[in-house]
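# Architecture at a glance
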Amino acid sequence: MRGTIRFSCLLHKVAIQKLNTANIKTLACIAKCRVERYPSWSYQSSRGTARSKKLAEMKRMRDLEVEKILNKKKIPMLTVPDGITVADLAKLAQRTEEQVCFIKSKMHDGRRERYHKINLKEKLYRQDLAHIVKQLGYRCKFEVKDVVITKKDKDIHAQAVTTDESLLTPRPPVVTVMGHVDHGKTTILDALRKTSVAAGEAGGITQSIGAFSVPLDTGQTVTFLDTPGHSVFTSMRERGAQVTDIVVLVVAADDGVMEQTIESINMAKMAQTSIVVATNKCDKKDARPDMVIDELEAYGIKCEENGGDIQAVRISALKNIGLDKLVNCISAQADQLDLKCDRTMQAQGVIIESKKEQHHGNMASVVLKQGAIKIGAVLIAGTSIAKVRQMFDSNGSKVDKIEPGQAANIMGWRSLPTAGQLVLGVENEQKAKAALRQRETEMKYLESDHVWEEVKDKRQADKREYEELKKKYSHKIHRKTASFKAAFDKNKKDNEIPSFNILVKADVDGSMEAIMKILESYDCDEQCNLNLVQHGIGNLTLSELEIAKSTEASIFLFNTDVLQEVKKQENDTVPIIHHKVIYHLVEDIIDKINEILPIIEDVNILGESEVMKVFPVKKNFIAGCVVRQGTLESKQLHRILRDNVVVHSGVLESMQHHNSMITLASDNMEYGLMFNEISPVGIKVGDIIQSYSCEMKKTKINWRPPGF
């Protein structure tokens, strides 16, 4: 009986404290075993029936709790998607639609609806769905709809264009206008668009690539790319040639074929694009269009006039002569190419230019080749992704959609994409981010390999310098350990080279690319170190101004400005130089470097004589010499060379020929001379005496950038 009461107390403690599942399961098993082993075992105590009833009630509660826990595993799990309809839930739970409708009708604060009025296509969401599933006799589990990205799907690649003719539709051509600087490329586009862009260009030259959709009189809409002609913008011209379907090669009739004309021809041939020749400025008196056609033939451009297959048109963009013929040639060439695209496939295009705008953020000009781009689309270009917020055409008007053959400025890039990169449409942001992570990882591996090669080269160069200095100062190493270091520091200080630090900001990525290419050609590090502290796109920020202050860098802004907060902090300690023409910027950098170069002595040798005999006189020496070349004047500076090394320099005390004092010696003349100060190394037979003049001269760097 004592054991029975003890076990009853234990049951009472279980009921009150509601122990965890494992303990209750254990107690239930113990109770079950004891009942099976001792059938006569009961919970009756010797203290009366009231106590027995209380214990019996506790036992019943315990049995219910244990049964609930033990049966929990027996309740089946039902996995349902969020937003499932009433009919689909009934089918999934293997219940009738009436049962689901009846349970739904009893919900929402006890208000009942007629279950036959409930729409079977009504969607059920999480809170209601969990309750209905529980009433149907299931445990509820919601289906998680995450985008699963497999390993091979992480990077996004361009899809191949379909060969199914039913999906292919005609598209307008992309035409690039190329040629030498100042041959009238932008003026031609102005005449076609009826605008005046060329009049507002700094320096009268195009310095960034532009994309314009121009409606022609024929009813077609053609996308034109205007490329810079200056030699420093080679990458922009090459990018334009790769994107285009037709190249309009502009050649001035008064200049003929020039350097950038030849370069444009080669780029068009490498890109395998069709060429239409436009001989511009035919209205000038010195125009020679026939000579232009003949010159082009030497570079593989054989026009129809000379029996070839390349169309050539004589025009004057300034006076609007022959432009209708040029339009007809472009239309005929486009019809011959039979350009088609698949508007249903993945969007594919090319970044033509990218820039930062104060109110719009990162912007990129895109020419689309396949598919379509709409507002809200997800794009990836290199290591930049975008969710398209807005799009603008060449006139600044908003557009909701662009199709193949069209160009637009796209807003919504999280980081500024690089011009020339391929733009691809992505299904969703998750896939775009996964592809971005993979591309960034691959770039880090490539950069780490490149950096490691640079580190190895630097270590080898430092080791060579160390060995040379060690050999040079080896005779002093036995004194002190610090002596070699002092010699090293002294040598470094004597040969110290000035440095010029710059920070460059540009308006668009293409201009920055051209500036960087020029700076990479700098090859005068032995005269002055040119250090590029930082470069970027957009207006000058406050953090960049602080960087320039800390590094004592000059700031060069190309077609861009400073933010309002920077203007408040602007002072004379950091020079900020604005430029609108790229070659003015480069010339200014060269002038700034020349200003900090040291002034050097320019030695001009006037004459040279050889010491034939030495006569000691009091505390000095008289040297008997013979003039070997030039003339030697007593008033000029003189120096002694021994084994081609200058051992002494100074002024003369006197110069004498026989018994006469002279001021000039020449033409194999024998004479004697004496220095004003005694040479510490003396004068020996065979020494060379030189008469020279010394002039302090400002040095200039020998850097000649390409195209300058």
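Residues numbered from 1 in each chain as written. Predicted model: local features only at pLDDT ≥ 70, side-chain atom pairs only at ≥ 80, totals over all residues. Heavy atoms only, no water.

## Section: the packing of helix α14 (residues 509-520) against helix α17 (residues 582-596)
The condition is simple: Angles here are taken between N-to-C directions and fall from 0 to 180 degrees, while the axes themselves are lines fitted to C-alpha atoms, restricted in helices to the stretch in contact. Put simply, DSSP marks the helices as runs of H or I at least four residues long and the strands as runs of E at least two long, and each gets a number from the N terminus on. Rotating anticlockwise by less than a right angle from the far helix to the near helix defines a left-handed crossing, while the corresponding clockwise rotation defines a right-handed one. A contact between two residues is defined here by any heavy atoms of the two lying within 4.5 Å. Ten residues, namely Ala, Val, Leu, Ile, Met, Phe, Trp, Tyr, Cys and Pro, are considered nonpolar, four, namely Asp, Glu, Lys and Arg, are considered charged, and the remaining ones, Gly among them, are considered polar.
Close contact between α14 and α17 brings their axes to 11 Å; oriented N to C, the two are set at 35 degrees. Of the two elements, α14 crosses α17, and the hand of that crossing is right-handed. Side by side, α14 and α17 meet where Ala514, Ile515, Ile518 and Leu519 of the first sit next to Ile582, Val586 and Ile589 of the second. Split into classes, the residues belonging to the contact of α14 with α17 amount to seven nonpolar, no polar and no charged.

## Section: the packing of aromatic side chains
Note the following rule: Ring pairs shown here join Phe, Tyr and Trp side chains whose ring centres sit within 6.5 Å, with only the six-membered ring taken for Trp; geometry is labelled stacked below 30 degrees between planes, edge-to-face above 60, and tilted in between. Either the NZ atom of lysine or the CZ atom of arginine qualifies as a charge over a ring when it sits within 6 Å of the ring centre and within 35 degrees of the ring normal.
Tallied over the full model, the rule gives one aromatic pair. Here Tyr522 and Trp703 contribute two aromatic rings whose centre-to-centre distance is 5.1 Å and whose plane-to-plane angle is 80 degrees, an arrangement assigned as edge-to-face. Here Tyr522, found in the loop between α14 and β23 (529-537), pairs with Trp703, found in the segment after β34 (688-698); they are 181 residues apart in sequence, far enough to count as distant. Taking the ring centre of Tyr692 as reference, the NZ or CZ of Arg639 above it sits at 4.9 Å.

## So, the pattern of salt bridges
Note that side chains of opposite charge can pair when their charged atoms are close. Quick reminder of the rule: Within this document, salt bridges are pairs made up of a side-chain nitrogen of Lys or Arg and a carboxyl oxygen of Asp or Glu, the two lying within 4 Å of each other. Summary of the burial criterion: residues with accessible area below 20% of their type's maximum are buried, those above 50% are exposed, and those between are partly exposed, where the area comes from a 1.4 Å probe applied to protein chains only.
For the coordinates displayed, the defined rule picks out 17 salt bridges. Between Glu122 and Lys104 there is a salt bridge; the shortest N-O distance is 3.4 Å. Taken together, the residues Glu122 in the loop between α5 (97-105) and β3 (123-124) and Lys104 in helix α5 connect sequence positions 18 residues apart. For Lys104, a relative accessible area of 7% puts it in the buried group. Across the pair Glu427 and Lys431 runs a salt bridge, and its minimum N-O distance is 3.2 Å.

## Examining unusual backbone geometry
Here the phi dihedral of Lys281 falls at roughly 60 degrees; this positive angle occurs in a residue that is not glycine. For Lys281, the position within the fold is in the loop between β10 (274-280) and α10 (289-297). Although it is not a glycine, Asn668 adopts a positive phi angle of roughly 60 degrees.

## So, helix α7 (residues 185-193)
Since the α-helix packs 3.6 residues into each turn, any two residues three or four apart lie on the same face. In terms of burial, α7 is a largely internal element, seven of the nine residues being buried. When α7 is considered as a whole, its buried residues turn out to be Lys185, Thr186, Ile188, Leu189, Asp190, Leu192 and Arg193.

## Quick word on the sheet that holds strand β22 (residues 499-506)
Which entries qualify depends on this criterion: A strand pair is defined by DSSP finding two or more bridges across the two strands.
Strand order across the open sheet formed by four strands is β23-β22-β24-β25, with parallel pairing between neighbours. Edge positions in the open sheet fall to β23 and β25 (576-579), since each of these has one partner strand only. Put simply, the sheet's adjacent strands are angled 20 degrees from each other on average, direction ignored. Across five bridges, β22 lies against strand β24 (residues 554-558) in parallel orientation. For Ala506, the partnering residue across the bridge sits in β24 and is Phe558. Strands in contact with α14 are β22, β23 and β24; relative to β23, the strand with the most contacts, it is inclined by about 170 degrees.

## Notes on the pairing of β22
The test is simple: We call a crossover right-handed when, viewed with both strands directed away from the observer, the connection leading from the first strand over the helix to the second proceeds clockwise.
Burial within β22 is extensive, with seven of its eight residues counted as buried. Pairing of β22 with β23 involves eight bridges; the strand directions are parallel. Each residue of the ladder has a partner; that of Lys505, found in β23, is Gly536. As a crossover connection, the stretch from β22 through α14 into β23 is right-handed.

## As for the pairing of strand β16 (residues 378-381)
On β16, burial covers both faces: Val378 and Ile380 on one face and Leu379 and Ala381 on the other are all buried. Pairing geometry for β16 and strand β17 (residues 384-392), over four bridges, is antiparallel. If you follow Ala381 over to β17, its bridge partner there is Ser384. Between the end of β16 and the start of β17, which pair antiparallel, lie two residues, with Gly382 showing a positive phi angle near 65 degrees.

## Focus on the side chain of Thr244
Applied cut-off: Any N or O atom pair separated by 3.5 Å or less is treated as a polar contact, with the protein-specific requirement of one donor-capable and one acceptor-capable atom, and with residues adjacent in sequence counted only for side-chain atom pairs.
With respect to the element layout, Thr244 can be found in the loop between α8 (234-243) and β9 (246-252). At 2.7 Å, the side chain of Thr244 forms a polar contact with the backbone oxygen of Val174. A polar atom in the side chain of Thr244 sits 3.1 Å from the backbone nitrogen of Thr176. Excluding its chain neighbours within four sequence positions, the residues that come into contact with Thr244 are Val174, Val175, Thr176 and Thr273.

## Remarks on the nonpolar core
Defined as follows: Definition used in this section: a nonpolar core is a set of buried Ala, Val, Leu, Ile, Met, Phe, Trp, Tyr and Cys residues joined via side-chain atoms within 4.5 Å.
In this structure, Ile589 and Trp703 are the most contacted members of the largest nonpolar core, which totals 27 residues. At the level of elements, β22, α14, β23, β24 and α17 are the ones that each hand at least two residues to this core. Leave out the neighbours within four places in its chain, and Trp703 touches Ile518, Leu519, Ser521, Tyr522, Asp523, Cys524, Val586 and Ile590. In this structure, Leu323, Val327, Cys329 and Ile330 belong to the second largest nonpolar core, which totals 23 residues.

## A word on helix α6 (residues 126-135)
To keep it simple, the criterion reads: When we speak of the arc, we mean the arc of directions from the helix axis to the C-beta atoms.
Residues Leu129, Ile132 and Val133 constitute the buried set of α6. Burial along α6 is one-sided: seen end-on, the buried residues are contained in an arc of 100 degrees. Within α6, the exposed residues directed more than 90 degrees away from the buried face are Gln127 and Lys134. Those residues of α6 that are buried are in contact with β1 (77-81), β2 (84-85), α4 (86-92), α5, β3 and β4 (139-143). Looking one or two residues past α6, Gly137 carries a phi angle of roughly 95 degrees, positive in sign.

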